[in-house]
Amino acid sequence: MQSPITWTPLHGPFASADLAPTSSHNRFRNSPVNHIHSAWFCHPATQHSHIVIDTLAYCAFCRRKDAPDVRTIDMPANSIQHTSPIIPRLYSDVVFPLILLWATIFGLGKLWKKIYGDKTTPLKGPPNTSLLFGLYRHLNEADDPGAIYEAWAAQYGPAFRVPGGFGSSRIVICDPKANAHFYSKETFGYIQTKLSRVFIENLFGRGLLWAEGESHRRQRKALSPAFSNAAIRKLTPVFYDAAYKMKAIWDTTLDAGSGEAFIDVQIWMNHISLDSVGIAGFGHDFHALEGKDSAVVEVFNSFGSGDTSFLSHFVFLMGPVLPVLQNLPTKQNRMFKRLRTTMGGIADELLARNRREKEGKALMEEKSIIGLLIKAETTSSSLGMSQEEILAQQNVLLLAGYETTSISLTWALIELCRKPEKQQKLREELSRFVGTDPTFDQLSTGLPYLESVVQEVLRLHPPVTETTRIAAEDDVMPFSLPINTATGEVLSSLVISKGTIITSPIRYMNRSEVFWGPNAKEFEPERWLDGDGDACPGAKEIQGHRHILTFSDGPRTCLGKSFALSEFKSVLSVLIRNYTFELPNGPDTKIDKHPSILPRPKVAGEVGAKVPMKVRRVE
C-alpha cells in the first residue's frame, strides 16, 4: 500500500489532510476532513487543485487517478496557473453569483405572479426533494423515467406538476388529447425553452431545430423535397451499399476465427449510420466503416465515452433552471464546441465542392439535401437561407442522421437477442431474398414482420424520451381524461398561462399500460400485425406516426422520418439474413443506460457505450 499523501488546503478551515490511496477508493484517515462535505486541496506533487467531496478527490486539471473509480473534472492545463484553485474560483466567482442572481429574479417573478395572478390551473404533484435540483436529478438518474411518470400519473391524474430547482416547476401531460393539442401548436403557441435554445445553438447553430414560427416554417419548406418518398426511393441503394461494406469486414473477421466472433455492434451501427448519411445526404464518404481517421468520426466516437465529471453533472442538472451554465467550459460543452467546429468545417468543404460541381447547371429540379441547401443559398425567393442557417442545417442533419438511427439499430439487435424466437421469425420472413434485396416498396409495405419489429423498437426505445416547451401565450388545453386539481375540482381542460413549462413524456406515452395493455413494457412485434396497434385500443387515441410519439408530431414532426425508416429496415434486413446474434450472457444479459448526446444502451460492466455480441453466419 502506498504511503499517505499530505494535501495542502486551498479553501476551507482545515490545515491538512492525509489521503491514503487504496485499491478501491481514497479515504481520509485521522483527519477532521472525514466529517465535511467538501473542501479544496492542492496535490503536493502535481500542484493541481482537487475538490474533496465526501472523502473522494476530484482533480481539476489532469486525468490523474489514484483509484479506478475516482471521477475526474477535466480542465485544460493551460487555462490557468496550476497552483490556482480554478474550480473553487469558478464556483465562487461565476456559478454561485449566477445562481443567486437567477434565484432573485425567479423569486421576484413568483411574487409578480402572486400579486397579479397566475391563471394556470393549480395541480397536484410529487413533493420536492431538493431545493437545488428539484426532481430533475431523480428523473435523470432513473433507469426508466417513463415508469416514474406512469406512477405519478396513476397517483395524481393525467396532468401533474413536477418541481424543479429553486422553486421552478413544469406540468407533465399524460393524456392523448392534450398531447395532440400541444404538438399541433408547436413553434407558435409552445416554443423551445431557454435551455433548449442555448443547447441547440451551441451544438448546431441557428437552423431548423433552433428556429420557431415563420422562420421554422420557411426552413422546413425549403428542405422538405429532399425527404419525400420519391427522393428516399433513390437513396435505398446507398443504405444497402453501406450494409454490405460492413458485411465484408465482418466476414473477414469471422473467417479469421472459428466462424464466430464477439463484435461490438454499437460502434458498427455508428459507423454505418455516419457513412450512410454522409453519402446519401451530402455526397461525402466519411469512410468510418473502413476505419479511416477523420475529425468528425473522432468527435462522434468521443461521445461514446461519456462525461461523468462533477462539474458537467452539476451543469446538466442545473441547466433547466439556469441555462447560461450551458456555456461553462465543462468537458462535455468543450466536446460540443469541437463537434460544431468540426462539422462546420466539413459543411464548408461540402458546400464549396458542390457549388463548383453545380456551376452552370440548373438547380430547379434538385432534390438532394446538399443541392437544396445550395439552391436556398442562391435563391432570392422567400425560401432563401442565410449562410449561418445553411451550415446549421448540415450540422443537424449529420448528427441527427448518425445518432438516432445507430441507437435504434443497436436496440433492435438487443431486443432480438433477448427473444431469439422473434429473431428467427424475422429471418424466415426475409429468407426469400437470396441474391437480391427488398425494394423500397417491399421495405415500405411488403414485409409485415420487419415493419412490426421496427415499430416495436421505436415504441419501446424512443431516442428522445420527452419534449419540453414553454407556453408563448395563454392557452386552454383539452383533455380526454378528467383532471383532478389541487383544489379538488374535476375538470376536462387545463388553463395554461404564458410562461408555463409543459412536458410531453414520449417514453411514457409509448410504453404506458393505460394505452398499450399489460405487456406494454415487453418487446412484442405481433401487436402490430393486425394494423396500427389494433391489439391495443387505447393506443389508437395517440396521434403521431403509427400512434407513437417517437417522431414527435405536428409542425415539428421529424423531417427525416422516411429517411430513418428506410435506412433502419435496409440495414436490419441485411444483418438478420446473414448473421445470428447473441448477447454475452444470453437473453438475460443486463443492459444499462449510458449518457451521451442521447442516452445509449450498453452491456452492464462495459467501459463506455459498448454492446458486444456473439456473431455467427447464418447456415
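Just above, that's the structure.
Treat the numbers as computed from the prediction; the structure is a model and nothing was measured.

Colleague: Would you mind going over the overall build of the chain with me for this structure?
Modeller: When helices and strands are counted, the chain shows 19 helices and 18 strands. Within the chain, the proportion of its 619 residues that are buried is 54%. Per element, the accessible surface of the chain, about 26,400 Å² overall, is 56% carbon and sulfur.

Colleague: Please clarify how the pairing of strand β10 (residues 260-264) should be interpreted in this entry.
Modeller: Regular strands show a simple pattern: their side chains alternate between the two faces of the sheet. The side-chain alternation of β10 yields one buried face, formed by Ala261 and Ile263, and one unburied face, formed by Glu260, Phe262 and Asp264. Here β10 pairs with strand β18 (residues 612-617) via 5 bridges, running antiparallel. Across the sheet, residue Ala261 finds its bridge partner in β18, namely Val615.

Colleague: Help me out: how do you make sense of the sheet that holds strand β15 (residues 579-582) in this one?
Modeller: The strands making up a sheet associate through backbone hydrogen bonding, with each pair oriented either parallel or antiparallel. Taken together, the 3 strands give an open sheet; going across it, the order is β10-β18-β15, and neighbouring strands pair in antiparallel fashion. What marks the edges here is a single partner per strand, and that holds for β10 and β15. With strand direction ignored, the average angle separating the axes of adjacent strands in the sheet is 35°. For β15 and β18, the ladder comprises 4 bridges, and the chain directions are antiparallel. The residue of β18 that forms the bridge with Phe581 is Val615.

Colleague: Hey, could you run me through the environment of Val299 in this one?
Modeller: Along the chain, Val299 turns up in helix α9 (residues 295-302). Judged by relative accessible area, which is 0%, Val299 ranks as buried. Considered as a pair, Val299 and Thr342 are 43 residues apart in the sequence and their alpha carbons are 8.0 Å apart.

Colleague: For this particular structure, what's the right way to read the pairing of strand β16 (residues 591-594)?
Modeller: As judged from the 4 bridges shared by β16 and strand β17 (residues 600-603), these two strands associate in the antiparallel manner. Each residue of the ladder has a partner; that of Asp592, found in β17, is Lys602. In textbook terms, the turn of a hairpin is the stretch between consecutive antiparallel strands, and for β16 and β17 this stretch comprises 5 residues.

Colleague: Just to check I follow, could you spell out the packing of helix α7 (residues 229-256) against helix α19 (residues 561-578) for this structure?
Modeller: The description of two helices packed together rests on the angle between their axes and the distance between the axes. Contact geometry for α7 and α19: axes closest at 9 Å, N-to-C directions at 35°. In terms of crossing hand, the pair formed by α7 and α19 is right-handed. When α7 is examined against α19, the residues Asn229, Ile232, Leu235, Thr236, Phe239, Tyr240, Ala243, Tyr244, Met246, Lys247 and Trp250 are found in contact with a partner set consisting of Ser562, Phe563, Ser566, Glu567, Ser570, Val571, Ser573, Val574, Leu575, Arg577 and Asn578. Here the residues of the contact of α7 with α19 are counted per class, giving 12 nonpolar, 7 polar and 3 charged.

Colleague: Explain the pattern of salt bridges to me, please; I cannot follow it from the model alone.
Modeller: Two side chains with opposite charge may pair up if their charged atoms get near one another. Tallied over the full model, the rule gives 34 salt bridges. Arg206 is the partner of Glu201 in a salt bridge, and the nearest nitrogen-oxygen pair spans 3.0 Å. Residue Arg206 is classed as partly exposed on the basis of its relative accessible area, which comes to 33%. Each member of the salt-bridge network shares a partner with another, and the members are Lys419, Lys422, Lys425, Glu522, Glu524 and Glu526.

Colleague: What exactly am I supposed to notice about the sheet that holds strand β11 (residues 467-471) here?
Modeller: As summarised here, the arrangement of the 5 strands in space is β7-β8-β14-β11-β9, forming an open sheet in which the pairing is mixed. The open sheet has two free edges, formed respectively by β7 (159-163) and β9 (190-192), since each of these has just one partner strand. Between one strand and the next, the sheet's axes are offset by a mean angle of 40°, whatever the strand orientation. As defined by bridge partners, β7 adjoins strand β8 (residues 169-173) across 5 bridges and the pair is classed as antiparallel. Bridging from a neighbouring strand, Phe160 pairs with Val172 of β8. Together, β7, β8 and β14 (501-504) form the strand contacts of helix α3 (residues 145-156), whose direction differs from that of β7 by roughly 120°.

Colleague: I tried to follow helix α8 (residues 265-282) on my own but got confused; where do I start?
Modeller: Given 3.6 residues per helical turn, the α-helix brings residues three or four places apart onto the same face. With 18 residues, α8 should reach 26 Å at 1.5 Å per residue; the first-to-last C-alpha distance of 25 Å fits that figure. For α8, the tally of buried residues reaches 16 of 18 residues, placing the bulk of the element in the interior. Gly283 occupies a position one or two residues after α8 and carries a positive phi of about 65°.

Colleague: Please explain the environment of Arg338 as it appears in this structure.
Modeller: Summarising the element assignment, Arg338 is placed in helix α11 (residues 331-358). Of the residues examined, Arg338 reaches a relative accessible area of 38% and is grouped as partly exposed. C-alpha of Arg338 to C-alpha of Val299: the two residues are 39 residues apart in sequence and 7.5 Å apart in space.

Colleague: Mind showing me how you'd approach the side chain of Ser552 here?
Modeller: Residue placement: Ser552 occurs in the loop between α18 (513-516) and α19. On the accessibility criterion, Ser552 (13% relative accessible area) is buried. Those residues in contact with Ser552, other than ones at most four positions away along the chain, are Tyr183, Glu186, Gly544 and Thr557.

Colleague: For this particular structure, what's the right way to read unusual backbone geometry?
Modeller: Most peptide bonds take the trans form, and the phi angle of most residues other than glycine is negative. The residue His287 is not glycine, and still its phi comes out positive at about 55°. Mapped onto the elements of the fold, His287 is located in the loop between α8 and α9. Phi at Ser552 takes a positive value of approximately 65°, unusual for a residue other than glycine.

About the criteria used
Residues numbered from 1 in each chain as written. Predicted model: local features only at pLDDT ≥ 70, side-chain atom pairs only at ≥ 80, totals over all residues. Heavy atoms only, no water. Helix = DSSP H or I, 4+ residues; strand = E, 2+ residues; numbered from the N terminus. Buried < 20%, exposed > 50% of the residue type's maximum accessible area, 1.4 Å probe, protein only. Areas by Shrake-Rupley, 256 points an atom, 1.4 Å probe, with all protein chains shown as cover. Pairing = 2+ DSSP bridges. Axes fitted to C-alpha atoms, helices over the stretch in contact; angles between N-to-C directions. Left-handed = near helix turned anticlockwise from the far one by under 90°. Contact = heavy atoms within 4.5 Å. Nonpolar A, V, L, I, M, F, W, Y, C, P; charged D, E, K, R; others polar. Salt bridge = Lys/Arg side-chain N within 4 Å of Asp/Glu carboxyl O. Expected span 1.5 Å × (residues − 1).

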